[in-house]
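Examination of the molecular architecture
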Amino acid sequence: MCGSDLALEDLSVNLAKSNDEDNFILRSLQKAQEEGLNIEYRCSKCRNCTDCRNSYETERISLREEAEDLMVKDSIKIDWDKKCIECSLPVRGKEEEFLTSNRGMAVKVLQQQCLKYHKDEDTKALILKAFNKLIKNKYMVHFDELDDEEKKLIESKPVNHWIIWRVVFKPGSVSSAARPVFDGSAKTRVGPDGVSGGRCLNDLVVKGRVVTLNLTKMVLRFEIGKSAMQGDLKQFYASIKLLKDHWNLQRVLYKPGLDPDAEIVEAVIVTLIWGIKCVLAQSEAAVIKLAAAIEEKNPRLAELLRDSRFVDDLGDSDDTVEMIKNLIEDAENLFAKVGLACKGWTVSGAIKETELWDEAVSDQLRSKWIGNFLMLEKLRGIKFNRAKMPENA
C-alpha cells in the first residue's frame, strides 16, 4: 500500500469507533484527503494529453502559481543561431510601481564594504577575484563599454535599479571562503507620491515553481548502471543571457581594489545572477525546454538533462564506459550550441580532463574533488584512474 492508502485505512478504523461529532470531522478529513488523488476517468480528448498525464504537478497549485509558472516558461528562449539561451525577467507589474532608483543607497553600502575589508588582504583578494571573473566571462560589463544605443535604452527607463552587494563568508568552502552576494531583497525608498516604490527587485519578479528536480531519482540512476559519470555545469545561472530591455534593473557599483577613495565604477550584469529569486525556476525551465527540443533526436541525452540532474550537477550511469563517453560527447556538443559548458567530467576508470584542471583551479580544490571520487569508489566500487590525479590528492 502507498502512504495515502494507509492513511485512509486508519481513518476508516477510527470512524467505526467514533461518536457522531467525531464521525463528521473524520469523514470531512477523509473526503479532503481523497479529493483530487484518484483520477479514474478521462474523456477521449484528454486521454493522450500530456498536461493531463502530468496532473500530479499541477492539481494542487493556485491560479497565481499557475500564472507565474507560465510567465517563467515564456521568459525563456533558446536562440540556436546566436548559440545562447536568452531570457527576460518575469515581472509582476510595472517597474515604477515596485521600485524607485536606489543609487544613493547602493553607494552607501559599497562604501561600508570598502571601509570594512580594504585592509583585509585575504578577503579583498577573494572579492576582487569574484568580480574579475564576472567581467572576464562577460557576465558583467562596464557601463562605459556599452554602445550609445544600449546606454540610451537603460537611461530612458522610468526606474534604474542598482543591485546592492555585501561580503558574505563561508568558512567551510574551499573555492571561495568569502564572496560578494547580490541582495535582490534590498528595499528601495517610497516614491514622492507615497505610493510607488518601497519594494525590492525580488518583489517585482515572480518566484515560479520547481517540480522537476528529484535528487532520489538522480542517485538511483547513478547507481543502477555498471559504469557511471559525474559532471558539473559551469556558472549555470550566469550562462543564461538577460535581454537588454531589463538591464536597467541589474546595475552594479564597485571600486577597484576595494579602495574607499577610488572612483566608483558603474557596471551592468547582463545575465541571470544569483540573489534574484526567479533565477532558479528560470534556469530549470531553460534546461527542461532544452531537453524537450532534443527529445526526438536524442532521447538518452534528454533523459540525462531531465532525470539525472540536480540544478547544475549531473550524474548518470549505463552498461559500459563507452556508452557513458558517448553520452558525455553528445552533452558537450549540445552545451556548445547554447552557451553552456561543463567544468569537468568524471567517468568510471578515468578522469576526463577539461578546464577543471587549468591553472585557475587551486590544488586544494582539485584535491577535494578527487576526494569525492574516492568516496564514490567505496560506495559503488568504481575505480578511477589515479594517474591523472594531483600529487597531494
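This structure is a prediction, so every number in the text was calculated from the model and none was measured. (Residues numbered from 1 in each chain as written. Predicted model: local features only at pLDDT ≥ 70, side-chain atom pairs only at ≥ 80, totals over all residues. Heavy atoms only, no water.)

1. Some details on the sheet that holds strand S9 (residues 265-269)
The strands that make up a sheet are held in pairs by hydrogen bonds between backbone atoms, and each pair lies either parallel or antiparallel. Keep this limit in mind: Whether two strands pair depends on DSSP finding at least two bridges between them. The helix count covers DSSP runs of H or I at least four residues long, the strand count covers runs of E at least two residues long, and both are numbered beginning at the N terminus. Lines are fitted to the C-alpha atoms to define the axes, a helix being fitted only along its stretch in contact, and any angle between axes, read from their N-to-C directions, falls within 0 to 180 degrees. Contact definition: two residues touch when any of their heavy atoms are within 4.5 Å.
Pairing within the open sheet is antiparallel, and its three strands lie in the order S3-S9-S8. Pairing within the sheet leaves two strands with one partner each, and these edge strands are strand S3 (140-142) and strand S8 (251-254). Mean inter-strand twist for the sheet, computed between neighbouring axes without regard to direction, equals 35°. Looking at chain direction, S8 and S9 are connected through four bridges and run antiparallel. Note that in S9 the partner of Val252 across the bridge is Ala267. Packed onto the sheet, helix H8 (residues 121-136) meets S3 and S8 and runs at close to 85° relative to S3.

2. Comments concerning the packing of helix H13 (residues 299-307) against helix H14 (residues 321-338)
Using the following cut-off: Any angle that falls under 35 degrees is termed roughly parallel, while one over 145 is termed roughly antiparallel, one within 65 to 115 roughly perpendicular, and all others oblique. Three classes are used: nonpolar for Ala, Val, Leu, Ile, Met, Phe, Trp, Tyr, Cys and Pro, charged for Asp, Glu, Lys and Arg, and polar for all others, with Gly counted as polar.
Look at H13 against H14: their axes get within 10 Å of each other, and the N-to-C directions meet at 75°. Classed by the angle they form, the pair H13 and H14 counts as roughly perpendicular. Within the contact between the two elements, H13 uses Arg300, Leu301, Leu304 and Leu305 and H14 uses Leu327, Asp330, Ala331, Leu334 and Phe335. Tallied by class, residues from the contact of H13 with H14 come to seven nonpolar, no polar and two charged.

3. A short note on the side chain of Lys157
Defined as follows: Per-residue accessibility, obtained with a 1.4 Å probe over protein chains only, is compared with the maximum for each type, and a residue is labelled buried under 20%, exposed over 50%, and partly exposed between these values. Any pair of N or O atoms that falls within 3.5 Å is considered a polar contact. Within protein, one atom must be able to donate a hydrogen and the other to accept it, and sequence-neighbouring residues count only if both atoms are side-chain atoms.
Locating Lys157 in the fold gives a position in the loop between helix H9 (148-155) and strand S4 (164-169). A relative accessible area of 17% places Lys157 in the buried class. Within polar-contact distance, the side chain of Lys157 engages the side chain of Asp245 at 2.6 Å. Discounting residues that sit within four places of it in the chain, Lys157 has contacts with Asp245 and Asn248.

4. Digging into the packing of aromatic side chains
How we decide: Side-chain rings of Phe, Tyr and Trp (the six-membered ring for Trp) are treated as a pair once their centres are within 6.5 Å; stacked means planes under 30 degrees apart, edge-to-face means over 60, and tilted covers the remaining angles.
Taken as a whole, this structure holds five aromatic pairs when the rule is applied. Aromatic pair Tyr117 and Phe169: ring centres 5.8 Å apart, planes at 55°, arrangement tilted. Of this pair, Tyr117 sits in helix H7 (residues 103-117) while Phe169 sits in strand S4, and the two are 52 residues apart along the sequence. Judged by its relative accessible area of 8%, Tyr117 is buried. Given the relative accessible area of 44%, Phe169 is considered partly exposed.

Note that all results are geometric; they support no functional claim without further evidence.
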